[in-house]
Amino acid sequence: MPTISQNSDFQTVITTFEMTPGTCQDLLDALSDAYENFISKQPGFISAGLYVNDAQTRIANYSQWRSREDFQAMLRSDEMRRRNREISGLCKTFEPVMYDVARSFD
């Protein structure tokens, strides 16, 4: 489970995917498979969550990594490059953005 804290040293990555309702489940399945069988096993991976909006036109992915270098190494791997080509075919756009937690509230 992700821990959101401005005092952590984690690298937070929020990725948004835009798709049609007709491809939402396929994309969710592809992302779930990527996390279960590859991403979660990579060095530096801490946690992640997938979120779907009511209209099934967007998926948000919140993930945490030990460092930005760990995240970038995962993205550059042959396996993830192959998976990203598949994921790209299921959505209109997707964009991973690295963030630092500026404030957190309980």
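Throughout what follows, the structure given in this document is the object of discussion. (Residues numbered from 1 in each chain as written. Predicted model: local features only at pLDDT ≥ 70, side-chain atom pairs only at ≥ 80, totals over all residues. Heavy atoms only, no water.)

1. Here's the deal with the overall build of the protein
When its secondary structure is counted, the protein shows 3 helices and 4 strands. Each helix and strand of the protein, placed in order from N terminus to C terminus, yields the pattern β-α-β-β-α-α-β. Relative to the globule expectation of 13 Å for 106 residues, the C-alpha radius of gyration of the protein, 14 Å, shows essentially globular dimensions. Once the C-alpha set of the protein is aligned to its principal axes, its extents read approximately 40 × 35 × 20 Å. The 106 residues of the protein split such that 35% are buried. Considering only contacts in the protein between residues 6 or more positions apart, those separated by 24 or more positions represent 71%. (Helix = DSSP H or I, 4+ residues; strand = E, 2+ residues; numbered from the N terminus. Rg over C-alpha atoms; globule rule 2.2 N^0.38 Å. Buried < 20%, exposed > 50% of the residue type's maximum accessible area, 1.4 Å probe, protein only. Contact = heavy atoms within 4.5 Å.)

2. Some points on the pattern of salt bridges
Taken as a whole and judged by the stated rule, the model has 5 salt bridges. With its nearest N and O atoms 3.0 Å apart, the salt bridge here joins Arg82 to Glu79. Remark: Glu79 and Arg82 occur in helix 3 (residues 78-90); sequence separation between them is 3 residues, near one turn of the helix. Judged by relative accessible area, which is 40%, Arg82 ranks as partly exposed. Residues joined by salt bridges that share partners form a network here, namely Asp33, Glu79, Arg82 and Arg83. (Salt bridge = Lys/Arg side-chain N within 4 Å of Asp/Glu carboxyl O.)

3. Thoughts on helix 1 (residues 21-37)
Side chains of residues three or four places apart in an α-helix project in the same direction, reflecting 3.6 residues per turn. In a regular helix each residue adds 1.5 Å, so 17 residues correspond to 24 Å; helix 1 covers 25 Å between its end C-alpha atoms and thus fits that length. Residues Cys24, Leu27, Leu28, Ala30, Leu31, Ala34 and Tyr35 constitute the buried set of helix 1. The inward-facing, buried residues of helix 1 contact strand 1 (11-18), strand 2 (45-52), strand 3 (58-65) and helix 3. (Expected span 1.5 Å × (residues − 1).)

4. With respect to the pairing of strand 2
Direction of pairing for strand 2 relative to strand 3: antiparallel, over a ladder of 7 bridges. Paired with Gly49 across the two strands is Tyr62, which belongs to strand 3. Remark: 5 residues form the turn of the hairpin made by strand 2 and strand 3, two consecutive strands paired antiparallel; Gln56 in that turn has positive phi of roughly 60°. (Pairing = 2+ DSSP bridges.)

5. Here we look at the packing of helix 2 (residues 68-76) against helix 3
Direction vectors running N to C along helix 2 and helix 3 enclose 70°, while the axes themselves pass 5 Å from each other. In terms of axis orientation, helix 2 runs roughly perpendicular to helix 3. Contacts from Met74, Leu75 and Arg76 of helix 2 reach helix 3 at Asp78, Met80, Arg81 and Asn84. Across the contact of helix 2 with helix 3, the residue classes tally to 3 nonpolar, 1 polar and 3 charged. (Axes fitted to C-alpha atoms, helices over the stretch in contact; angles between N-to-C directions. Parallel < 35°, antiparallel > 145°, perpendicular 65-115°, else oblique. Nonpolar A, V, L, I, M, F, W, Y, C, P; charged D, E, K, R; others polar.)

6. Focus on the layout of surface pockets
It is a probe the size of a water molecule, rolled over the atoms, that shows where empty space is left. Roughly 160 Å³ of volume is contained in the largest pocket. As for the largest pocket, its lining consists of 15 residues, of which Thr15, Asn61, Leu75, Met80 and Asn84 are closest to the centre. Of all the secondary-structure elements, those providing two or more residues to the lining of the largest pocket are strand 1, helix 1, strand 3, helix 2, helix 3 and strand 4 (93-99). Tallied by class, residues from the lining of the largest pocket come to 12 nonpolar, 3 polar and no charged. (1 Å grid on protein atoms, 1.4 Å probe; cavity = no way out; pocket = protein on both sides within 12 Å on 5 of 7 lines; lining within 4 Å. Points joined across faces, edges and corners; volume = space filled by probe spheres on them.)

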